[in-house]
Amino acid sequence: MNHDVTEEQIGTVVTKIQNLGHEVNISRGTKRIVIGAIGDEHKLDPEIFDSLPGVEFSMHIVKQYKIVSRESHEKDTVIDASGIPIGGNQIQVIGGPCSVETPEQMDLAAQSVAAAGCRLMRGGAFKPRTSPYTFQGKGVEGLEIFRQAASKQNLPIVTELMDVRMLDTFMKHDVDIIQIGTRNMQNFDLLKEVGRINKPVILKRGISATISEWLMAAEYIAAGGNHNIIFCERGIRTFETAYRNLLDVTCIPVLKKETHLPVIVDPSHAGGKAWMVPSLSRAAIAAGADGLLVETHPNPCEAWCDADQALNPQEFKDLMGSLKGIAEAIGRTI
Ligand code: PEP
Ligand code: MN
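Here is what the cut-offs are and how they apply
- Sequence positions are assigned chain by chain, starting from 1 and proceeding in written order.
- As a convention, the first chain written is A and the first ligand written is 1, with the rest following in written order.
- Side-chain atom pairs in this predicted model are given and counted only at pLDDT of 80 or more, local residue features only at pLDDT of at least 70, and totals for whole chains, interfaces and linings cover all residues.
- Hydrogens and waters are ignored; side-chain quantities use all the structure's heavy atoms.
- Residue ranges assigned to each domain were obtained from an automatic or database domain assignment.
- In this analysis, two residues are considered to be in contact whenever any of their non-hydrogen atoms come within 4.5 Å of each other.
- Values labelled buried area give the accessible surface lost by two parts on being combined, using a 1.4 Å probe and summing over both.
- A pairing counts as a salt bridge when a side-chain nitrogen of Lys or Arg comes within 4 Å of a carboxyl oxygen of Asp or Glu.
- Put simply, DSSP marks the helices as runs of H or I at least four residues long and the strands as runs of E at least two long, and each gets a number from the N terminus on.
- By this rule the span expected of a helix is its residue count minus one, scaled by 1.5 Å.
- Only protein chains enter the accessibility calculation, which uses a 1.4 Å probe. A residue is then buried if its area is under 20% of the maximum for its type, exposed if over 50%, and partly exposed in between.
- Two strands qualify as a pair provided DSSP detects at least 2 bridges between them.
- Side-chain rings of Phe, Tyr and Trp (the six-membered ring for Trp) are treated as a pair once their centres are within 6.5 Å; stacked means planes under 30 degrees apart, edge-to-face means over 60, and tilted covers the remaining angles.
- Grid points spaced at 1 Å over the protein atoms alone were grouped into cavities, where a 1.4 Å probe fits but cannot get out, and pockets, open sets with protein on both sides within 12 Å along at least five of seven lines, with lining residues defined by an atom within 4 Å of a point.
- Grid points are joined across faces, edges and corners, and a volume is the space filled by probe spheres set on the points.
- Each residue receives one of three labels: charged for Asp, Glu, Lys and Arg, nonpolar for Ala, Val, Leu, Ile, Met, Phe, Trp, Tyr, Cys and Pro, and polar for the others, Gly being one of them.
- Here a residue is considered near a molecule or strand provided that any single heavy atom belonging to it is located within 4 Å of it.
- Two N or O atoms count as a polar contact when they lie within 3.5 Å, although within protein this holds only if one can serve as hydrogen donor and the other as acceptor, and sequence-adjacent residues are included solely when both atoms are side-chain atoms.
- Residue burial considers only the protein chains on display, and all accessible areas are found by Shrake-Rupley using a 1.4 Å probe.
- For this analysis, a molecule is said to be in a pocket or cavity if more than half of its atoms are within 2 Å of the grid points defining it.

Our focus in this paragraph is the domain arrangement of the chain. According to the domain assignment, the chain consists of domain 1 (7-50) and domain 2 (79-329). For domain 1 and domain 2, the distance between their C-alpha centroids amounts to 35 Å. Taken together, the contacts link eight residues of domain 1 with five residues of domain 2. Carbon and sulfur atoms supply 40% of the area buried between domain 1 and domain 2, which totals about 450 Å² over both sides. Linking domain 1 with domain 2 are zero salt bridges, by the criterion used here.

Following this line, the structure appears as structure tokens:
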């Protein structure tokens, strides 16, 4: 629909679709309202709708994912993450520790993330751990510690939401980007809930999810009206055991073709070792990723979680420097 569409005009389109025997899905984003007609699409002709007041354009969509599909929106979407653009020409590197530990650790981490030239910070307060006996995250206290440390450096924060019951708390702590982790990519109730709010969401790829399953998971968020979705490739499980997961670089151009939404890469959980992170990061940027999610810790040997894959502050700074050249070579900035 046009950006200045009225409720009355929406109602006219909805009635028309229903009278033609189809179901309706209205997705209200901050910038656009998309009305979907669900049913046998051969029975509907886009021309019936094109002339109605308030309609920008109408079309058949053959793909199961509609709103996230490039067919529905040709140009790249640039997401505004508290003033930081994700998906435009400028590449964004989101740096920070795997988990929030202490105020001192987060202050040091925020300082090194800002000093390296990053504009966004990561850190987990709720950790999805394989074993129930390992550190599960600092919880709400962690959100407070994170918010304070990042605010001192003016860095918007990215943190993982595991439980729908924590969504209000995330909003109260003004989390700038909500991360949906690998293990929750197909937690459809969680996806529906983050679809109701307007915060940007990073949707990580499930450990063995196909690209089409991943796109459909994003469609769950989009269908609720939240179109601010960022895909994050973080490595998939294969027969290979020499590294933690296999970074699927091929998914970057494929997603870029299939969706207008930004695509970022997490080289840390893919490789699982700090020494692999620079190579994987460079490959991701060269292949067209819009950003990276990288684990860095003030003192990796003492990290409470994922110590092997965290870069120290100097390694992180060096990585940012080396990515500049790659970004320039492909006509982007960092
Ligand atoms: C994380 O980013 O800290 C994390 C747990 O990632 P993933 O969901 O990709 O395993
Ligand atoms: Mn981690």
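The terminal C-alpha atoms of helix 7 (residues 211-223) lie 18 Å apart, and with 13 residues this matches the ideal 18 Å at 1.5 Å per residue to within 8%. Those residues of helix 7 lying buried are Ile 211, Trp 214, Leu 215, Ala 217, Ala 218, Glu 219, Ile 221 and Ala 222. Tucked inside the fold, the buried residues of helix 7 contact strand 1 (23-28), helix 6 (188-195), strand 9 (201-204), strand 10 (229-233) and helix 8 (251-258). Once helix 7 ends, the next one or two residues include Gly 225, with phi positive near 115°.

A word on the environment of Gln 64. In this structure, Gln 64 sits in the loop between helix 2 (47-50) and strand 3 (79-81). When the C-alpha positions of Gln 64 and Leu 215 are compared, they lie 9.1 Å apart, and in sequence the two are 151 residues distant.

Strand direction decides the pairing type here: strand 1 and strand 2 (residues 33-38), joined by six bridges, are antiparallel. Following the sheet pairing, Ser 27 is matched in strand 2 by Val 34. Joining the antiparallel neighbours strand 1 and strand 2 is a turn of four residues.

Before going further, it helps to examine the packing of aromatic side chains. Tallied over the entire structure, the rule returns four aromatic pairs. Ring centres of Phe 126 and Phe 170 lie 5.9 Å apart, and the angle between their planes is 35°; this geometry places the pair in the tilted category. You can see Phe 126 sitting in the loop between strand 6 (120-122) and helix 4 (140-152) and its partner Phe 170 sitting in helix 5 (residues 167-172), a full 44 residues away along the chain. Since its relative accessible area comes to 16%, Phe 126 is described here as buried.

Think of a ball as big as a water molecule: rolled over the atoms, this probe shows where empty space is left. Computed from the structure, the largest pocket encloses a volume of approximately 700 Å³. Lining the largest pocket are 27 residues, with Ile 35, Gly 36, Ala 37, Ser 58 and Met 59 positioned closest to its centre. Contributions of two or more residues to the lining of the largest pocket are made by helix 1 (7-19) and strand 2. Along the lines of polarity and charge, the residues of the lining of the largest pocket split into 16 nonpolar, six polar and five charged. Each pocket or cavity is described by its volume, and for the second largest pocket that value is around 420 Å³. Forming the walls of the second largest pocket are 20 residues, and the residues nearest its centre are Thr 130, Arg 183, Arg 234, Arg 244 and His 269.

Here we come to the site of ligand 1. Inspection of the region around ligand 1 gives Arg 122, Lys 127, Pro 128, Glu 160, Gln 179, Gly 181, Thr 182, Arg 183, Lys 204, Arg 234, His 269 and Glu 295 as its neighbouring residues. At 2.9 Å from an oxygen atom of ligand 1 is found a side-chain nitrogen or oxygen belonging to Gln 179. The side chain of Thr 182 places a nitrogen or oxygen atom 2.8 Å from an oxygen atom of ligand 1. Within the complex, the protein chains bury 97% of what would otherwise be the 290 Å² of accessible surface of ligand 1. Judged by the proximity of its atoms to the pocket grid, ligand 1 belongs to the second largest pocket. Of the residues in the shell around ligand 1, the class split is one nonpolar, four polar and seven charged.

So, on to the pattern of salt bridges. Throughout the structure, instances matching the rule amount to 16 salt bridges. Among the salt bridges present, the one from Arg 70 reaches Asp 76, with a minimum N-O distance of 2.7 Å. Salt bridges sharing partners connect three or more residues here, namely Arg 205, Glu 233 and Asp 248.

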